[in-house]
Amino acid sequence: MSGPLLQVKSVEAYYGNIRALGGVDVEVNSGEIVCLIGANGAGKSTLMMTICGSPQARTGSVIFDGQDITRLPTHEIARLRIAQSPEGRRIFPRMTVFENLQMGASLDNLKYFDEDVEKIFTLFPRLKERQMQRGGTLSGGEQQMLSIGRALMARPKLLLLDEPSLGLAPLIVKGIFEAIKKLNKEQGLTVFLVEQNAFGALKLSDRGYVMVNGLVTMSGSGKELLANPEVRAAYLEGG
Ligand code: ATP
């Protein structure tokens with residue numbers, strides 16, 4: 001395949017009459033970590049959900065791996081191996097850690113099941129220790145690990161992460177970001193993440209986009225954006 005793995009082109013998305021995305025262009029190349037930063041309510045989660053098909057883009061297009069997925073239903077998009085760890089993690093609280101991981105596996109990949117679970121336990125040893133514990137009894141950081149682990153069970157070509165650092169202590173965030181970096185470096189996983197933690201996200205990412213009121217207002221390498229005075233003033237200083 002030539003060209004980006006994911007291309008979001010002039011996408012507009014609405015909730016009823018409310019326009020949440022006003023014509024967004026974003027690209028993610030294979031092997032990259034790319035972040036989208038922006039304030040509360042900027043439209044970051046909406047973009048992530050629109051990539052997954054709900055809400056669908058009203059105008060514009062979403063191209064994944066050379067295929068136009070704009071009008072596909074969410075379950076068909078998932079089968080193309082786009083996996084998401086959604087905002088708020090959304091693990092199944094009454095199921096065990098192991099059962100949560102089972103829920104992430106797709107029927108197409110059952111022959112890899114044991115191998116994939118082992119990989120996730122190597123990445124997050126805490127999940128191995130707690131595999132028989134119910135999801136709802138885990139700490140916030142462990143739930144985030146589980147949410148990422150469950151998404152990885154789908155063997156994604158593209159992993160979407162919505163605010164993996166939300167509500168977690170700095171040391172735990174560091175561990176989660178290190179795990180994301182490891183997945184990218186060692187397994188070549190492509191990652192698109194949404195974050196309010198601009199500093200951590202830009203440090204982790206090859207490239208970043210800044211979103212304000214449903215529009216991308218800036219983009220650049222992680223380093224460039226970290227050094228950019230406007231980004232610093234709006235998202236980094238005093239934060
Ligand atoms: P946050 O970090 O708070 O999740 P965000 O950047 O992800 O913010 P979105 O959640 O995408 O922003 O919200 C973008 C806009 O769409 C906001 O104005 C929000 O109020 C609105 N919005 C989000 N979800 C809905 C919904 N289900 N119905 C109506 N409006 C919504």
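Conventions used here
- Within each chain, residue numbers correspond to sequence positions counted from 1 in written order.
- Per-residue local features of the predicted model are confined to residues with pLDDT of at least 70, and side-chain atom pairs are confined, for both listing and counting, to 80 or more; whole-chain, interface and lining totals are unaffected and use all residues.
- Each side-chain value is worked out from all heavy atoms of the structure, with water and hydrogens disregarded.
- UniProt positions are given in the numbering used here, feature names are shortened, and annotations may be inferred rather than shown by experiment.
- Only DSSP runs of H or I covering at least 4 residues are called helices, and only runs of E covering at least 2 are called strands; the numbering of each starts at the N terminus.
- Working rule for contacts: check all heavy atoms of both residues, and any pair within 4.5 Å makes them a contact.
- To be clear on the numbers: accessible area is Shrake-Rupley with a 1.4 Å probe, and residue cover counts the displayed protein chains and nothing else.
- Two strands pair if DSSP finds at least two bridges between them.
- Any residue with a heavy atom positioned within 4 Å of a molecule or strand is treated as near that molecule or strand.
- In protein, a polar contact means a hydrogen-donor-capable atom and an acceptor-capable atom, both N or O and within 3.5 Å, with residues adjacent in sequence counting only if both atoms are side-chain atoms; elsewhere, any N or O pair within 3.5 Å suffices.
- Under the convention adopted here, Pro, Cys and the residues Ala, Val, Leu, Ile, Met, Phe, Trp and Tyr are nonpolar, Asp, Glu, Lys and Arg are charged, and Gly plus all remaining residues are polar.
- Every axis corresponds to a line fitted to the C-alpha atoms, with the helix fit spanning only the stretch in contact, and the corresponding angles, defined between N-to-C directions, vary from 0 to 180 degrees.
- Here a pair means two rings of Phe, Tyr or Trp (six-membered ring of Trp) with centres within 6.5 Å. Their orientation is stacked below 30 degrees between planes, edge-to-face above 60, and tilted elsewhere.
- Definition used: whenever NZ (Lys) or CZ (Arg) falls within 6 Å of the ring centre and also within 35 degrees of the ring normal, the charge is taken to sit over that ring.
- Residue burial is assigned from relative accessible area. The probe radius is 1.4 Å, only protein chains are included, and a residue is buried under 20% of its type maximum, exposed over 50%, and partly exposed in between.

- If you look the protein chain up in an unreviewed UniProt entry, it shows as Branched-chain amino acid transport system ATP-binding protein from Pararhizobium capsulatum DSM 1112.
- Taken verbatim from the UniProt record of the protein chain, the Sequence similarities (unreviewed entry) comment is "Belongs to the ABC transporter superfamily."

Description of the overall build of the protein chain
Reasoning step 1: Helices and strands together make up the secondary structure of the protein chain, namely ten helices and ten strands.
Reasoning step 2: With the principal axes as the frame, the protein chain shows a C-alpha extent of 45 × 40 × 35 Å.
Reasoning step 3: Residue pairs at least 24 apart in sequence account for 67% of intrachain contacts in the protein chain once pairs closer than 6 positions are excluded.
Reasoning step 4: Total accessible area on the protein chain stands at roughly 11,400 Å², and carbon and sulfur atoms take up 51% of it.

Let's talk about the pairing of strand 4 (residues 59–64)
Reasoning step 1: In the sheet, strand 1 (residues 6–15) pairs with strand 4 via five bridges, with the strands oriented antiparallel. Note on strand 4: the bridge partner recorded for valine 8 is valine 62.
Reasoning step 2: Of the strand pairs in this sheet, strand 4 and strand 5 (residues 67–68) are connected by two bridges, and their pairing is antiparallel. Bridged to phenylalanine 64 within strand 5 is glutamine 67.

Some points on the site of the ligand
Reasoning step 1: For the ligand, the set of nearby residues contains 13 residues, the closest of which are Asn40, Gly41, Lys44, Ser45 and Thr46.
Reasoning step 2: Interatomic distance of 2.7 Å between a backbone N/O atom of serine 45 and an oxygen atom of the ligand.
Reasoning step 3: In the model, an oxygen atom of the ligand is placed 2.5 Å from a nitrogen or oxygen of the threonine 46 side chain.
Reasoning step 4: Within the complex, 62% of the 630 Å² of free accessible area of the ligand lies under protein.
Reasoning step 5: For the shell around the ligand, the element with the most residues is helix 1 (residues 44–51), which contributes three residues.
Reasoning step 6: Considering only residue class, the shell around the ligand consists of four nonpolar, six polar and three charged.

Brief notes about the sheet that holds strand 1
Reasoning step 1: In space, the four strands of this open sheet follow the order 2-1-4-5, with antiparallel pairing throughout. A strand with exactly one partner marks an edge of an open sheet, and here the two such strands are strand 2 (18–28) and strand 5.
Reasoning step 2: Contacts from helix 1 reach strand 1, strand 2 and strand 4, with the element oriented near 110 degrees to strand 1.

Things to note about the packing of aromatic side chains
Reasoning step 1: Applying the stated criterion across every chain yields a total of one aromatic pair.
Reasoning step 2: Look at phenylalanine 98 and phenylalanine 113: their rings are 5.8 Å apart centre to centre, the planes differ by 85 degrees, and that puts the pair in the edge-to-face class. Placement of phenylalanine 98 in helix 3 (residues 97–104) and of phenylalanine 113 in helix 4 (residues 113–123) is noted, with a sequence separation of 15 residues between them.
Reasoning step 3: Arginine 58 extends its terminal NZ or CZ atom over the ring of tyrosine 14, reaching a point 3.8 Å from the ring centre.

Digging into the side chain of threonine 50
Reasoning step 1: With respect to the helices and strands, threonine 50 occurs in helix 1.
Reasoning step 2: A residue is classified by how much of its surface remains accessible, and threonine 50, at 4% relative accessible area, is buried.

What to know about the pairing of strand 1
Reasoning step 1: When strand 1 meets strand 2, the two strands line up antiparallel, connected through eight bridges. Each residue of the ladder has a partner; that of leucine 6, found in strand 2, is valine 28.
Reasoning step 2: Connecting strand 1 to the antiparallel partner strand 2 that follows it, the hairpin turn spans two residues, and glycine 16 within it adopts a positive phi of roughly 60 degrees.

Quick look at unusual backbone geometry
Excluding glycine, a negative phi dihedral is what most residues carry, and trans is how most peptide bonds are arranged.
Reasoning step 1: For the peptide bond that leads from serine 54 to proline 55, omega is 0 degrees, which places it in the cis range.
Reasoning step 2: Residue position: proline 55 is located in the loop between helix 1 and strand 4.
Reasoning step 3: Phi is positive for arginine 81, which is not a glycine, with a value near 75 degrees.
Reasoning step 4: Following the sequence through the fold, arginine 81 ends up in the loop between helix 2 (74–79) and strand 6 (82–85).
Reasoning step 5: Taking relative accessible area as the criterion, arginine 81 reaches 34% and is therefore assigned partly exposed.
Reasoning step 6: The residue asparagine 213 is not glycine, and still its phi comes out positive at about 45 degrees.
Reasoning step 7: Relative to the assigned elements, asparagine 213 resides in the loop between strand 9 (207–212) and strand 10 (215–221).

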